[in-house]
Amino acid sequence: MKIEFTDDAAFVLRCLTSPKVWRMGTDDAFKNLDPKSDSLKLDKGNACWIKTPYGVYIGLPTNCVTYDCHIALLPSAGGRAVEISKAVLDFTFKNTNARRLNASIPSFNLLARRLAEQCGFKLIGINEQSFLRDGVLHDQHFYGISKP
């Protein structure tokens with residue numbers, strides 16, 4: 001499987017706006033945005049974008065060795081999410097300065113929480129009522145994994 005860094009904003013945007021990803025990953029700030037709109041643009045900034053044939057992994061630096069992780073897997077990943085994600089974790093730790101990866105996952109996204117746990121992320125805390133979705137506040141589960 002090919003894993004590589006990318007600057008391809010169109011690919012990243014296509015992954016993020018895939019119907020299943022958009023549905024599970026958006027909060028009320030995105031409620032009135034049309035994911036198919038030509039006005040949606042991405043600015044990579046300091047983010048680390050890692051491309052696979054099955055989607056994109058985004059790392060947002062919080063300091064020089066820690067990244068907040070976001071995953072947008074396409075339906076073609078079906079049944080291989082753990083395998084793909086573990087390969088990307090290995091790639092990330094080998095090819096970046098990352099020593100720690102964190103993920104913040106809304107409580108209702110059980111598949112993402114289970115994926116994090118199956119990839120070795122540990123629950124490090126819960127940020128109560130911190131994710132607004134459809135006018136309801138949900139908890140966010142914070143997970144982390146350190147470089148082996």
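Everything below is about the structure printed above this text.
## Some words on the side chain of H141
On the secondary structure map, H141 appears in strand β7 (residues 136-146). For H141, a relative accessible area of 10% gives the class buried. In contact with H141, other than residues within four places in its own chain, are A103, S104, I105, S107, R113, L123, G125 and I126.

## So, the nonpolar core
Membership of the largest hydrophobic core comes to 24 residues, with the highest contact counts inside it found for I50, L101 and F121. At the level of secondary structure, the elements contributing two or more residues to this core comprise β2 (48-52), β4 (66-73), α3 (81-95), β5 (100-106), α4 (110-118) and β7. For this core, the leading source of residues is α3, giving five residues. Discounting chain neighbours no more than four positions away, the residues touching I50 are I3, E4, F5, G55, V56, Y57, V88, F91 and T92. Counting ten residues, the second-largest nonpolar core is a separate cluster that includes F11, V12, C15 and W49.

## Concerning the pattern of salt bridges
Inspection of the entire model under this criterion finds five salt bridges. Note that D8 and K51 form a salt bridge whose closest N and O atoms lie 3.9 Å from each other. Separated by 43 residues along the polypeptide, D8 in the loop between β1 (4-5) and α1 (9-16) and K51 in strand β2 bring together distant segments of the chain. By relative accessible area, which is 31% here, D8 ends up partly exposed.

## Section: the sheet that holds strand β6 (residues 122-133)
Pairing is mixed across the open sheet formed by seven strands, whose spatial order is β1-β2-β3-β4-β5-β7-β6. The outermost strands of the open sheet, each flanked by one partner alone, are β1 and β6. Here β1 pairs with β2 via two bridges, running antiparallel. Along β2, the bridge assignment pairs F5 with I50. Across the sheet, α1 is in contact with β2, β3 (55-61) and β4; its angle to β3 comes to roughly 105°. Sheet strands in contact with α3 are β1, β2, β3, β4, β5 and β7, and its direction is about 135° off that of β2.

## Some words on the pairing of β4
As paired strands, β3 and β4 are joined by seven bridges and run antiparallel to one another. Its bridge partner lying in β4, Y57 is registered against I71. Between β3 and β4, which pair antiparallel and follow one another directly, the connecting turn spans four residues. As defined by bridge partners, β4 adjoins β5 across three bridges and the pair is classed as parallel. Of the residues in β5, the one forming a bridge with D68 is N102. Crossover β4 to β5 through α3 is right-handed.

Calculation rules
Residues numbered from 1 in each chain as written. Predicted model: local features only at pLDDT ≥ 70, side-chain atom pairs only at ≥ 80, totals over all residues. Heavy atoms only, no water. Helix = DSSP H or I, 4+ residues; strand = E, 2+ residues; numbered from the N terminus. Buried < 20%, exposed > 50% of the residue type's maximum accessible area, 1.4 Å probe, protein only. Contact = heavy atoms within 4.5 Å. Core = buried A, V, L, I, M, F, W, Y, C linked by side-chain atoms within 4.5 Å. Salt bridge = Lys/Arg side-chain N within 4 Å of Asp/Glu carboxyl O. Pairing = 2+ DSSP bridges. Axes fitted to C-alpha atoms, helices over the stretch in contact; angles between N-to-C directions. Right-handed = clockwise from strand over helix to strand, strands pointing away.

So yeah, pure geometry; function would need other evidence.
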